[in-house]
Amino acid sequence: MKMSAGTKAFHKPRFCEGSIMRHVVVMAGTGTVGLMAVFLVDFLNLFYISRLGNSHYTAAIGFANAIGFLQMGICIGMSIGAVVITARLIGSGQPERAKKMVTSFIIFTTFLMIIIGLLVAIFNREILYLLGARGAVLNQASHFVMIVSPFLFLIALGMVLSGLLRAVGDAKRSMNVTIIGAFIAGILDPIFILVFNLGLEGAAISTICSRLGVALLGFYSLKRYELIEQPHWDDIFSDSLKVLKISFPAILTNLATPVGGLFVIHTMSNFNSDAISGQTAIDRMIPVAFAFVFALTGSVGPIISQNFGAGLRERMQETLVVSLKLVCLCVFCAWGIFYIGQDLFVKMFALKAEGETLMRLFCNWVIINNLFLGMLFVSNTAFNNLGYPLFATFFNWGRATLGTIPFVIYGASYGPQGVLIGQSLGVVPFGIMAVCCTFYLMKTIRMDKPI
């Protein structure tokens, strides 16, 4: 049987040879563009909604996106499991086994995300009320979630498919899959929100269209690798269960960040719409500004997994060191840009009173906490790909609970600024401890562990 060029590339573990720095930079660089595109969808929604000049709309987007972060945490966890298993099996020379498990898991993910999306749509008002949404803000946020949530499966598929492209080393196509979402949103957002004057409903329609584009291009791009085959229906659950052993702890890990964010937005709701608008703007800007850091954590996973599967300890350790150096470089560059551009950001989101104060505080000082957040995320990636996902769960939930709740509660006594500062300080000890644990694990882990 003649193999296509894509299939031959699929059989070869690309990251087990060549420069680690080059692999990390290429994967993270293309991942940055792709991930930035994903975050730009939310960013553009917020930007165009803010042009309407109603802080209730901006606050509603903040509450709706808090729910969206929870859902995205599940999607990211599902994609992590697929990427880890696929990359490790490729590294160990078992592509056919990877193909069977990937097919089963894609089907399983689709059905699971449809159920979760519908449940959130049904109970969205209750969830939003618990978060602190009231009155007009509650009604607007509820309408947005009701439209978008049933289509959660589309972005879940897009993220899994994009991750699988990274697992086989095709960084460019993985980037393109996610870029299409921002491209569609960039065209449709101003049309639906401003031209047709649909407000949040227009933002919701644009979001659905962008998610559909991501899923469709994901399937098209992955087709050349012949990584999806006819499903073995009797084995779908058993195959998916193997992937879920990694995905489930990864989901728990990824849910920690939005859960901590929910507590922050709930605490901010005790103040006013201006404070919530400021926090929402910061939350939307962080993923865009630090897209390289977030992309780095997803991109180095396949590099670690392939070298782990091939038994190359030194290359794994080098990958970690290179990643941490790049995190430091990215954070300090972003700090300079935000410090200089703070006036622009305040005007961009039409922030007033407490909202403007929060944005300036973030741009001047609080932004530096993303250095420790990046350290934590890189460590979590290593834990997931080395077969110790519960370590990532422990550190992330530690940061989301012990590193968030007491700090935010105490900070709230000083107003919205205290909440923002408290949220930033809690990540510091957990980022440092996670990195130290990762170095120790890489030094001592057995390299002959079964897949």
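Residues numbered from 1 in each chain as written. Predicted model: local features only at pLDDT ≥ 70, side-chain atom pairs only at ≥ 80, totals over all residues. Heavy atoms only, no water.

Each helix and strand in the protein chain was counted, giving 19 helices and 0 strands. On C-alpha atoms alone, the protein chain measures out to a radius of gyration of 21 Å, which is about the 22 Å that the 2.2 N^0.38 rule sets for 451 residues. Surface exposure of the protein chain reaches about 18000 Å², of which carbon and sulfur atoms provide 69%. With 31 positive and 20 negative side-chain charges, the protein chain shows a separation of 6 Å between the mean positions of the two kinds. (Helix = DSSP H or I, 4+ residues; strand = E, 2+ residues; numbered from the N terminus. Rg over C-alpha atoms; globule rule 2.2 N^0.38 Å. Areas by Shrake-Rupley, 256 points an atom, 1.4 Å probe, with all protein chains shown as cover. Lys, Arg positive; Asp, Glu negative; His and termini not counted. Charge placed at Lys NZ, Arg CZ, Asp CG, Glu CD.)

Okay, the confidence of the model for the protein chain next. Per-residue pLDDT for the protein chain averages 83, and the proportion of residues at 70 or more is 94%. Mean pLDDT per element in the protein chain: helix α1 (residues 5–11) is the minimum at 50, and helix α19 (residues 427–444) is the maximum at 92. (pLDDT = per-residue confidence, 0-100.)

This part covers the pattern of salt bridges. Enumeration according to the criterion identifies 6 salt bridges in this entry. Residue Asp343 pairs with Arg360 through a salt bridge whose shortest N-O separation is 2.7 Å. Taken together, the residues Asp343 in helix α13 (residues 313–348) and Arg360 in helix α14 (residues 354–364) connect sequence positions 17 residues apart. Connected via shared salt-bridge partners are Lys100, Asp235 and Asp239. (Salt bridge = Lys/Arg side-chain N within 4 Å of Asp/Glu carboxyl O.)

This part covers unusual backbone geometry. Phi at Asn197 takes a positive value of approximately 55°, unusual for a residue other than glycine. Tracing the chain through its elements places Asn197 in the loop between α8 (171–195) and α9 (200–222).

Moving on to the nonpolar core. Counting 139 residues, the largest nonpolar core has Phe63, Phe290, Phe349, Met359 and Phe362 as the members making the most contacts within it. Looking at this core element by element, the count peaks at 17 residues for helix α3 (residues 55–91). Excluding residues that lie within four positions of it along the chain, Phe290 makes contacts with Cys330, Val331, Ala334, Ile367 and Asn370. (Core = buried A, V, L, I, M, F, W, Y, C linked by side-chain atoms within 4.5 Å. Buried < 20%, exposed > 50% of the residue type's maximum accessible area, 1.4 Å probe, protein only. Contact = heavy atoms within 4.5 Å.)

Time to look at empty space enclosed by the protein. For the coordinates displayed, the defined rule picks out 4 cavities of 30 Å³ or more. The wall of the second largest cavity is formed by Gly62, Ala66, Phe69, Pro258, Gly261, Leu262, Ile265, Asp283 and Arg284. At the level of elements, α3, α10 (236–268) and α11 (273–289) are the ones that each hand at least two residues to the lining of the second largest cavity. Looking at the lining of the second largest cavity element by element, the count peaks at 4 residues for α10. Here the residues of the lining of the second largest cavity are counted per class, giving 5 nonpolar, 2 polar and 2 charged. (1 Å grid on protein atoms, 1.4 Å probe; cavity = no way out; pocket = protein on both sides within 12 Å on 5 of 7 lines; lining within 4 Å. Points joined across faces, edges and corners; volume = space filled by probe spheres on them. Nonpolar A, V, L, I, M, F, W, Y, C, P; charged D, E, K, R; others polar.)

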